Amino acid sequence: MNKAKNVVFSYSFLLPSSILTVVLGIYPIVWAMRYMFFDYKGYGEERFIGLDNFARIWTDHEYWDSVLNTFIYAGGKLALSLPLALLLAVILNRGLRGRGVIRALLFMPTIISTAVMAVVFFAIFNSYNGILNQFLMKYNLIGSPVDWLGVDHAMLSVILVAVWGALGNYMLLFLAGLQNIPQDVYESSSLDGAGRWQQFRYITIPMLGPVMQMIVMLAIINALKGYESIMVMTDGGPIGKTNVMFLYVFKLFFPTASGSAATQVQEMGYGSAVAFVTALIVGAITIVYFYGSRRMSRND
Amino acid sequence: MKKRWLTMTLAAVVMAGSLAACSGKKTEENGGAESGGSDSGEKTVISYWTGDRHDSEFIKEVVDEYNATNKDNIEVDLVIKGDDFDQALDMSFQTSEPPDVIRVKENTIQTFYKKGYLAPIDEFLKEEHKAAFPEMPDLNSFEGKRYSLPNYGTTMRLIYNKELFAKAGVTAPPTTLAELVDVAKKLTAAGKESGAYGFAQNFKNPGSAFGRSSRVIAEVSGFGGFGYDFKTAQYDFSHFKPIIEAFKQIKDDGSMLPGVESLDIDPLRAQFAEGKIGMYLSFSAEAGVYTSQFPAKIEWAAAPAPSIDGSFNGASGFLGGQWLALSSKTTKKEAAWKFMSYMYSESLLQQYQEKGFGISMVPSVSEVAATPQVKGIEGFLPNPYDGVWPVYPVVAVQGTKSDDAFFKYMVSGGDLDAIIKDLNERYNAALAQAVKNGEVKAEPDPNFDPKALAGKFAK
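Residues numbered from 1 in each chain as written. Chains lettered and ligands numbered in written order. Predicted model: local features only at pLDDT ≥ 70, side-chain atom pairs only at ≥ 80, totals over all residues.

Participant: Help me out: how do you make sense of the overall build of chain B in this one?
Facilitator: Along the backbone of chain B there are 17 helices and 18 strands. Scaling as 2.2 N^0.38, a compact globule of 459 residues should have a C-alpha radius of gyration of about 23 Å, and chain B matches this with 25 Å. Expressed along its principal axes, the backbone C-alpha trace of chain B runs to roughly 85 × 65 × 50 Å. Here chain B holds 459 residues, and the buried ones make up 48% of them. (Helix = DSSP H or I, 4+ residues; strand = E, 2+ residues; numbered from the N terminus. Rg over C-alpha atoms; globule rule 2.2 N^0.38 Å. Buried ≥ 20, exposed ≤ 12 C-beta atoms within 10 Å, placed from the backbone.)

Participant: I tried to follow the interface of chain A and chain B on my own but got confused; where do I start?
Facilitator: Frequently, the measure chosen for interface size is the accessible area removed from exposure when the parts meet. At the interface, 40 residues of chain A touch 49 residues of chain B. If you list the elements that add at least two residues to the side of chain A that touches chain B, you get helix 1 (2-35) and helix 3 (61-92) of chain A. In terms of residue class, the side of chain A that touches chain B is made up of 16 nonpolar, 16 polar and 8 charged. (Contact = placed C-beta atoms within 7 Å. Nonpolar A, V, L, I, M, F, W, Y, C, P; charged D, E, K, R; others polar.)

Participant: Quick question: what am I supposed to make of unusual backbone geometry here?
Facilitator: Backbone geometry follows two general trends: most residues other than glycine have a negative phi, and most peptide bonds adopt the trans configuration. A cis geometry characterises the amide bond from Gly237 of chain A onward to Pro238 of chain A, with omega recorded as -10 degrees. Mapped onto the elements, Pro238 of chain A comes out in the loop between helix 10 (228-233) and helix 11 (245-253). Notably, Ala233 of chain B is not glycine yet its phi reads approximately 60 degrees, a positive angle. If you trace the backbone, Ala233 of chain B turns up in the loop between strand 10 (228-229) and strand 11 (234-235).

Participant: Just to check I follow, could you spell out the environment of Phe71 of chain A for this structure?
Facilitator: All names here are of chain A. Relative to the helices and strands, Phe71 is located in helix 3. A tally of 15 C-beta atoms within 10 Å means that Phe71 is categorised as partly exposed. In sequence terms Phe71 and Val244 are 173 residues apart; their C-alpha atoms lie 8.6 Å from each other.

Participant: Can you help me understand the sheet that holds strand 7 (residues 152-154) of chain B in this one?
Facilitator: Residues and elements named next belong to chain B. Spatially, 15-7-17 is the arrangement adopted by the 3 strands of the open sheet, whose pairing is antiparallel. Unpaired on one side and paired on the other, strand 15 (319-320) and strand 17 (359-360) mark the two borders of the sheet. Judged from the 2 bridges that link them, strand 7 and strand 15 form a sheet pairing that is antiparallel. Bridge assignment links Gly153 to a residue of strand 15, and that residue is Gly320. (Pairing = 2+ DSSP bridges.)

Participant: Looking at this structure, how should I read the sheet that holds strand 13 (residues 300-304) of chain B?
Facilitator: The strands making up a sheet associate through hydrogen bonds between their backbones, and the pairing can be parallel or antiparallel. Residues and elements named next belong to chain B. On the basis of which strands lie adjacent, the open sheet formed by 4 strands has the order 9-12-8-13 and mixed pairing. At either end of the open sheet lies a strand with only one pairing partner, and these are strand 9 (197-199) and strand 13. With direction set aside, neighbouring strand axes in the sheet form an average angle of 25 degrees. Across 2 bridges, strand 9 lies against strand 12 (residues 277-283) in parallel orientation. If you follow Phe199 over to strand 12, its bridge partner there is Met279. Where helix 7 (residues 177-191) meets the sheet, it contacts strand 9 and strand 12, and its direction lies at approximately 160 degrees from that of strand 9. (Axes fitted to C-alpha atoms, helices over the stretch in contact; angles between N-to-C directions.)

Participant: Explain the nonpolar core here, please?
Facilitator: Among soluble globular proteins, nonpolar side chains are generally buried collectively. By size, the foremost hydrophobic cluster in this structure holds 133 residues, and its most contacted members are Val101, Ala200, Ile243, Tyr280, Leu326, Phe339 and Met340 of chain B. Among the elements that line this core, the one with the most residues is helix 17 (residues 416-436) of chain B, at 8 residues. Counting contributing residues per domain, this core is built from domain 1 (43-153 + 320-376) and domain 2 (156-317 + 387-453) of chain B, each supplying no fewer than three. Residues contacting Val101 of chain B, with those up to four places away along its chain left out, are Ile46, Tyr48, Leu324, Leu326, Ser327, Ala336, Phe339 and Met340 of chain B. Grouped together as the second largest cluster of nonpolar side chains are 54 residues, Met36, Tyr73, Ala219 and Tyr248 of chain A included. (Core = buried A, V, L, I, M, F, W, Y, C linked by C-beta atoms within 7 Å. Domains from an automatic or database assignment.)

Participant: For this particular structure, what's the right way to read the packing of helix 7 of chain B against helix 10 (residues 241-252) of chain B?
Facilitator: Any two packed helices are characterised by how steeply their axes cross, that is the angle between the axes, and by the distance between the axes. All names here are of chain B. Between helix 7 and helix 10, the shortest axis-to-axis distance is 9 Å and the interhelical angle comes to 10 degrees. The angle between helix 7 and helix 10 places the two elements in the roughly parallel class. Of the residues in helix 10, those touching helix 7 at Leu177, Leu180, Val181 and Ala184 are Pro242, Ile243, Ala246, Gln249 and Ile250. The residue inventory of the contact of helix 7 with helix 10, partitioned by class, reads 8 nonpolar, 1 polar and no charged. (Parallel < 35°, antiparallel > 145°, perpendicular 65-115°, else oblique.)

Participant: So what exactly am I meant to see when it comes to the environment of Ser127 of chain A here?
Facilitator: Secondary-structure assignment places Ser127 of chain A in the loop between helix 5 (114-125) and helix 6 (131-138). The class for Ser127 of chain A is buried, based on 22 C-beta atoms found within 10 Å. For the pair Ser127 of chain A and Leu149 of chain A, spaced 22 residues apart in sequence, the C-alpha to C-alpha distance is 7.0 Å. Once residues lying within four places of it in the same chain are set aside, the contact partners of Ser127 of chain A are Asn133, Pro145, Val146, Asp147, Trp148, Leu149 and Gly150 of chain A together with Pro258 and Gly259 of chain B.

Participant: Can you walk me through the domain arrangement of chain B in this structure?
Facilitator: Taken as a whole, chain B is organised into domain 1 (43-153 + 320-376) and domain 2 (156-317 + 387-453). In the side of domain 1 of chain B that touches domain 2 of chain B, the residues fall into 5 nonpolar, 6 polar and 2 charged.

Participant: So what exactly am I meant to see when it comes to the pairing of strand 12 of chain B here?
Facilitator: Every regular strand shows the same layout, with side chains that alternate between the two sheet faces. Residue and element names in this part refer to chain B. With 7 of its 7 residues buried, strand 12 lies for the most part within the structure. In this sheet, strand 12 lies alongside strand 8 (residues 156-161) in antiparallel orientation, the contact comprising 5 bridges. Along strand 12, the bridge assignment pairs Leu158 with Leu281.

Participant: Explain the packing of helix 1 of chain A against helix 12 (residues 268-292) of chain A here, please?
Facilitator: Residue and element names in this part refer to chain A. In contact at an axis separation of 7 Å, helix 1 and helix 12 are set at 115 degrees when each is read in the N-to-C sense. Handedness of the crossing formed by helix 1 with helix 12: left-handed. Here Ala32, Met33 and Tyr35 of helix 1 come into contact with helix 12, specifically with Met268, Gly269, Ser272, Ala275 and Phe276. Of the residues belonging to the contact of helix 1 with helix 12, the class tally is 6 nonpolar, 2 polar and no charged. (Left-handed = near helix turned anticlockwise from the far one by under 90°.)

Participant: What should I look at first to understand the pairing of strand 16 (residues 324-327) of chain B in this one?
Facilitator: Pairing geometry for strand 3 (residues 101-103) of chain B and strand 16 of chain B, over 3 bridges, is antiparallel. Paired with Val101 of chain B across the two strands is Leu326 of chain B, which belongs to strand 16 of chain B.

Participant: Quick question: what am I supposed to make of helix 17 of chain B here?
Facilitator: Every α-helical turn comprises 3.6 residues, leaving residues that sit three or four positions apart pointing alike. Residues and elements named next belong to chain B. With 21 residues, helix 17 ought to run about 30 Å at 1.5 Å a step, and its terminal C-alpha atoms sit 30 Å apart, in line with that. Three or more residues of helix 17 are buried, namely Leu416, Ile419, Ile420, Leu423, Tyr427, Ala430, Leu431 and Ala434. Down the axis, helix 17 shows its buried residues gathered within 105 degrees of arc, on one side only. Away from its buried face by more than 90 degrees, helix 17 exposes Asp417, Ala418, Glu425 and Lys436. Check the buried side of helix 17 and you find it contacts strand 11, helix 10 and helix 16 (402-412). Of the residues trailing helix 17, Gly438 is marked for its positive phi of about 75 degrees. (Expected span 1.5 Å × (residues − 1). Arc of directions from axis to C-beta.)

Participant: Help me understand the confidence of the model for chain B in this model?
Facilitator: Interpretation of this model should avoid reading the predicted coordinates in detail wherever pLDDT is low. Residue and element names in this part refer to chain B. For chain B, mean pLDDT is 88; residues scoring 70 or higher make up 91% of the total. Note that pLDDT drops below 50 for residues 6-39; the model gives that stretch 15 contacts with residues more than four away or on any other chain. For this predicted complex, the interface score ipTM comes out at 0.82, alongside a pTM of 0.82. (pLDDT = per-residue confidence, 0-100.)

Participant: Hey, could you run me through helix 7 of chain B in this one?
Facilitator: Residue and element names in this part refer to chain B. Over its 15 residues, helix 7 extends 21 Å from the first C-alpha to the last, a length consistent with the 21 Å expected when each residue adds 1.5 Å. Taken together, the buried positions of helix 7 are occupied by Leu177, Leu180, Val181, Val183, Ala184, Leu187, Thr188 and Gly191. Turning to helix 7, the residues buried within the fold contact helix 6 (162-168), strand 9, helix 10 and strand 12.

Okay, here's the thing in structure tokens:
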């Protein structure tokens, strides 16, 4: 009886979030998955076409280019943001004066809307009268304006914005992990003559393992899924150089009318198939990472 | 134990509260709808959604005036959306909260019609309406039923900086592609020192950039602006070759504003207003933009768009034919139509033209309306080259779209003939498929004469 009550009690807590998960998470996924096998333009007839959408993905160069772009974008974002976040966390974990203010400042980008942030960065990177070019030219660091959002530099620019946006968040997570490492371990290692680098290498990194595993996983998923700031800054351009997977999917579902005539057609069916394959790619990478990083979670 | 029950009760209260919050909207909505039309004491609230920004101040004023003065106790809730208008509308129809009156455009009315968002207005149309507002198939009527009425049309022109032209010693705007390239070069040579360049296009969205530039050049030259050939009912992008090559030449010459690759239309306009751009191609809405949105600091004017070789074998697209439409889901059709009738009143449409928001496509209004009080609008008024093109069938092409392919060629070069051949093959395959599925109609019209489209709005 008591056990039964316990079960009811527990499930009553799970219920609200379960309802939300089903309504806002599972139902839309099932809805979209049904259309993977259909030719459906958002209106009119839904034609069953079997696996044709998947065959189309196979030969869709634009999609595979966007997958490659996503890897470059995510790779760049992770390679820059994670080490930097860890470094900042280690520095700010010390008894530094004003560290509270610095932490707050670094965390600030996390709470700013991505769209607002991207609009501001567009004004900074804008090649013609952007603040960055004006600053660099004023101090003679460049001779002529650099097209930061042009073909050659657009990817770098969107990566830098992504790093700026994510840094504070990862730093905070690393800080939380660092504060769980007992001080006595450091103290006893000092007595044994360990230097700062040795402490970092042999105490901080291993003891941060399980936390780091989770942070890196979250960072990977976020980086693979990110497209909002790119949409505002370059809209995937120029010539598709910053077109990432989820932006490609978004445009299939919500094509923008260009000029004054409808030149694109909403592709719900194909979009669903592409979204599914994209989810598989993100899922596969996450599983491979999780499997490969098992050692990190062993705190020994 | 007591504590546990207390927690459970609290959890139940929170759940009940959140469920009530979810259903609260519905109750309110039902209540609103019921009290809407019948109860004379309460206002009938209808919502009007528009994505237009160039006329937003004026529309706000006329809606406010309608709300203050109408005797039918109707209150219009004006919602001005941004670039997400189409998506917001899709969402509204999915969540059962669509607007009652919808702003429809040349590029949206077909889609909204196919999606079932629009209700026919024939039941409200009187003979005087039918006589005053021209019917245009696929632009305001579908399968014999009317869904909207025209207000204003948009002409397409070459917009140029008169001061920079004078500085460069160029006396007349270009009329051919060769002249366009040449003038862009001269303007850049004259203006580069002060940061001004000869030509610009808003390539952040290549579709938007070509939709206001290569489109009109192709159309005045006698070819469909989106690559569709109405004579053969096939896509043929080969006519775009000289146009795209000219644009590439301008870019390669260094006569194009730096950073066009990520340039949106508003930043482009801001630069033009500052005098940093010599020429660009766009719509007649620009005149209003340089009056209110980005007051121009330079003398500028608009001229007919150049053709490929200087001869005019077609018509410069006069775009429009529709303005407001009734939502298929409105429960307040009568009230919504009353508001629409107010918006379509001759005096209001007259003001619309006179204030420079658009050039009237309604003959009875054109006759009485004065030239708009907007600087620079003269160049946009209908000329003998303007005309309404038929609507081409939009298809779901697989792979790179024509605009993206052409822009890529402009930036990184390649074999343009091969690009065009590939585009023709893919667009025609998609067209054949869409015709087969009954999604579009495409029938050859060997007698189609693009030149005959022109000259109906001005002699």
